[in-house]
Amino acid sequence: MATKWKSTIPYKLLNRVITNSKFRLLVGLLSGVLTFILLYAMLKWQYVLNTREVWRYGIAANIFMILSAFLLLRFYLNKTYRKSQSAGEYSYRDWKHLVAQQQKILLSVILFLGFLAVSYLVNLVTRNNSYGYYWGVSNYATGYVLVFSAFLLFLTCEFTLAFFMRRLLDDIMARTDEANKKIVDAAIESSLAAEKKSIQDSIRSEQLKIDLISNVSHDLKTPLTSMVGYIDLMKKEDLNDTMTDYVEVLSNKAQKLKEMIESLFSLAKTSSGNIELHPEPLNLNRLLEQIYADMEDKIVASPLEFVLSLTAEEAELTTDSGYLYRICQNLIENALKYSADNTRVFLKTASLQKDRERLLRFEITNTAAYRMDFTKEQIVERFARGDASRTGEGNGLGLAIVSTYTSALGGRFDLSIDCDQFRATLEFTVSDRAEDG
């Protein structure tokens, strides 16, 4: 049915009226001419036409008048809009100005035509009352038709203006939305580009720091190795007591410097991701017992009491034993350096279920010998130390190494500070292989 209608002549004419501006202008002008002819005929023959015939002429004229007013006014508005738009970008303020301007023009024209129609009706009434019908004055129908036509013309023009302005406003808002979207997209793209550049600069800066630390550490190794060698040779010489003490002090300081340089080099290497891991199955409890045995001399010599609480559950996991050994060793050494005398250090392992994962946890808790006025983020920074006075033996690399190594092994490292209680926690996800074994 729809296909049949689209093939008819009325549909094709209507489609041309809607889409072709020149054809709309032509139809509008022809409708205006027909309106004028019908109204002229009605007025010319008003003396011989009865009321019904006058209204027939009026209704026919009004149909053509409505079509003519709609098409001609729309053509005029389109032309006015294009002329206004050619000056530059069309905005909401321009739209408001155009609405006010066209309403003023429309109101002036309609008021003028309405005044003429009302004047004509008043003239009819006056002439009828003065001379009577036989003096050639018709009934009032033609006056009513003209007044009605003026009112109908006003409604048609108002509707056409409102229809056009609404579509124009939609077009302006669509362009505004598109412009705003482009601005937002450009801002987002610029922000992302700036953020990307900032991240790249930060990564580059961090890499430069790591490379500097790595290179300096490597360059310091050679002269330090020579110094240690000569110090060892001096120890074999026959020295007096004073010189022996001096050489012993030099030996201790050189050894600490060597340890710090090795820690720096290892930390820089791990931070850069340039490490090679060798995962293997191991038992966390056995590893801690081995570390405890290797450090027993230091532990026994310290004024601290170490308390081990190892889980009875399975403590198997697959990871790099060398790096995990260094992590746990650093935490124990940290407790030895910074714990208050005559306090306890608790070493605890646990197996637990969390978010459908089985985890192995190692906790070490000690009582600090100083005021801990720092955050956990600050204390894991390189060269950061808990004792701000730096009177202890630490170099500020222990927890930084722990944090970096733990991340490299895929574990989680966390710190908890409660008054003078310091707790470090390691968590590792147990792999399927470890669970099956």
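Structure first, text after, so check above.
### Looking at the overall build of the protein chain
Then comes step 1: Each helix and strand counted, the protein chain has 13 helices and 7 strands in total.
Then comes step 2: When each of the 437 residues of the protein chain is scored for burial, the buried share is 35%.
Then comes step 3: Looking at the protein chain as shown, the accessible area adds up to about 27,500 Å², and 58% of this sits on carbon and sulfur atoms.

### Some details on the layout of surface pockets
Then comes step 1: Space inside the second largest pocket adds up to approximately 610 Å³.
Then comes step 2: Together, 24 residues line the second largest pocket, and Met65, Val109, Ile110, Leu113 and Leu153 are the ones closest to its centre.
Then comes step 3: Of all the secondary structure elements, the ones that give two or more residues to the lining of the second largest pocket are α3 (21-44), α4 (51-85), α5 (92-131) and α6 (141-236).
Then comes step 4: No other element matches α5, which puts 9 residues into the lining of the second largest pocket.

### Quick word on the environment of Ala315
Then comes step 1: Of note, Ala315 is situated in the loop between β2 (305-309) and β3 (316-320).
Then comes step 2: Judged by its relative accessible area of 2%, Ala315 falls in the buried class.
Then comes step 3: Discounting chain neighbours no more than four positions away, the residues touching Ala315 are Leu282, Asn283, Leu284, Asn285 and Leu360.

### What about the sheet that holds strand β5 (residues 357-367)?
Then comes step 1: The strand order across the open sheet built from 5 strands is β2-β4-β5-β7-β6, with neighbouring strands paired in mixed fashion. Each of the sheet's edge strands pairs with one partner strand only, and the pair in question is β2 and β6 (412-418). On average, each strand axis in the sheet is tilted by 20° relative to the strand beside it, whichever way the strands run.
Then comes step 2: Bridging between β6 and strand β7 (residues 421-429) involves 7 bridges; their strand directions are antiparallel. Within β7, the residue paired with Ser416 across the bridge is Arg423.
Then comes step 3: Its contacts with the sheet put helix α10 (residues 321-338) on β2, β4 (344-354), β5, β6 and β7, and the angle it makes with β5 is roughly 25°.

### Focus on the nonpolar core
Then comes step 1: Membership of the largest hydrophobic core comes to 37 residues, with the highest contact counts inside it found for Leu331, Phe362, Ile364 and Leu426.
Then comes step 2: Secondary structure elements with two or more residues in this core: α8 (284-294), α10, β4, β5, α12 (398-408), β6 and β7.
Then comes step 3: Broken down by element, this core gets its largest block of residues, 9 residues, from α10.
Then comes step 4: One finds Met65, Leu77, Leu98 and Leu168 within the second-largest nonpolar core, a separate group that totals 18 residues.

### Notes on the environment of Val33
Then comes step 1: Along the chain, Val33 turns up in helix α3.
Then comes step 2: On the basis of relative accessible area, Val33 is assigned to the partly exposed category, the value being 45%.
Then comes step 3: Taking the C-alpha atoms as reference, Val33 lies 8.7 Å from Phe64; in sequence the two are 31 residues apart.

### Comments concerning α8
A turn of α-helix holds 3.6 residues, and therefore any two residues three or four places apart point the same way.
Then comes step 1: Within the span of α8, buried status applies to Leu284, Asn285, Leu287, Leu288 and Ile291. All buried residues of α8 fall inside an arc of 160° around its axis, so they share one side.
Then comes step 2: Looking at the buried side of α8, the elements it contacts are β1 (279-283), β3, α10, β4 and β5.
Then comes step 3: At the N-terminal end of α8, a side-chain oxygen is found 2.9 Å from the backbone nitrogen of Asn285, two or three residues along, and the residue is Asn283.

### Considering α3
Then comes step 1: Along its 24 residues, α3 runs 34 Å from first to last C-alpha, staying within 8% of the 34 Å computed at 1.5 Å per residue.
Then comes step 2: Within the span of α3, buried status applies to Phe23, Arg24, Val27, Gly28, Ser31, Thr35, Leu38, Leu39, Ala41 and Met42.

### Topic: the pattern of salt bridges
Then comes step 1: Per the stated rule, a full pass over the model turns up 9 salt bridges.
Then comes step 2: As a salt-bridge pair, Arg423 and Glu363 come within 3.8 Å of each other at their nearest N and O atoms. You can see Arg423 sitting in strand β7 and its partner Glu363 sitting in strand β5, a full 60 residues away along the chain.
Then comes step 3: One continuous salt-bridge network, built from bridges that share partners, spans Arg361, Glu363, Arg412, Arg423 and Glu427.

### Comments concerning the packing of aromatic side chains
Then comes step 1: Throughout the structure, instances matching the rule amount to 7 aromatic pairs.
Then comes step 2: Residues Trp55 and Phe148 carry aromatic rings whose centres are separated by 6.2 Å and whose planes lie at 65° to one another, so their mutual orientation is edge-to-face. Separated by 93 residues along the polypeptide, Trp55 in helix α4 and Phe148 in helix α6 bring together distant segments of the chain.
Then comes step 3: The partly exposed category is assigned to Trp55, whose relative accessible area is 30%.

### Observations regarding the pairing of β4
Then comes step 1: Across 5 bridges, β2 lies against β4 in parallel orientation. The partner of Ser309 across the bridge, within β4, is Lys348.
Then comes step 2: With 9 bridges joining them, β4 and β5 adopt antiparallel strand pairing. From the neighbouring strand, Ala350 faces β5, where its bridge partner is Arg361.

### As for a nonpolar patch on the surface
Then comes step 1: Taken together, the side chains of Tyr76, Ile105, Val109, Phe112, Leu113, Phe115 and Leu116 define a hydrophobic patch exposed on the protein surface, amounting to about 650 Å² of accessible area.
Then comes step 2: With 6 residues, the top contributor of residues to the nonpolar patch is α5.
Then comes step 3: Locating Leu113 in the fold gives a position in helix α5.

Basis of the calculations
- Residues numbered from 1 in each chain as written.
- Predicted model: local features only at pLDDT ≥ 70, side-chain atom pairs only at ≥ 80, totals over all residues.
- Heavy atoms only, no water.
- Helix = DSSP H or I, 4+ residues; strand = E, 2+ residues; numbered from the N terminus.
- Buried < 20%, exposed > 50% of the residue type's maximum accessible area, 1.4 Å probe, protein only.
- Areas by Shrake-Rupley, 256 points an atom, 1.4 Å probe, with all protein chains shown as cover.
- 1 Å grid on protein atoms, 1.4 Å probe; cavity = no way out; pocket = protein on both sides within 12 Å on 5 of 7 lines; lining within 4 Å.
- Points joined across faces, edges and corners; volume = space filled by probe spheres on them.
- Contact = heavy atoms within 4.5 Å.
- Pairing = 2+ DSSP bridges.
- Axes fitted to C-alpha atoms, helices over the stretch in contact; angles between N-to-C directions.
- Core = buried A, V, L, I, M, F, W, Y, C linked by side-chain atoms within 4.5 Å.
- Arc of directions from axis to C-beta.
- Polar contact = N/O pair within 3.5 Å; in protein donor to acceptor, adjacent residues only side chain to side chain.
- Expected span 1.5 Å × (residues − 1).
- Salt bridge = Lys/Arg side-chain N within 4 Å of Asp/Glu carboxyl O.
- Phe/Tyr/Trp six-rings, centres within 6.5 Å; stacked < 30°, edge-to-face > 60°.
- Patch = residues over 30% accessible without salt bridge, like charges linked within 9 Å, V, L, I, M, F, W, Y side chains within 5 Å.

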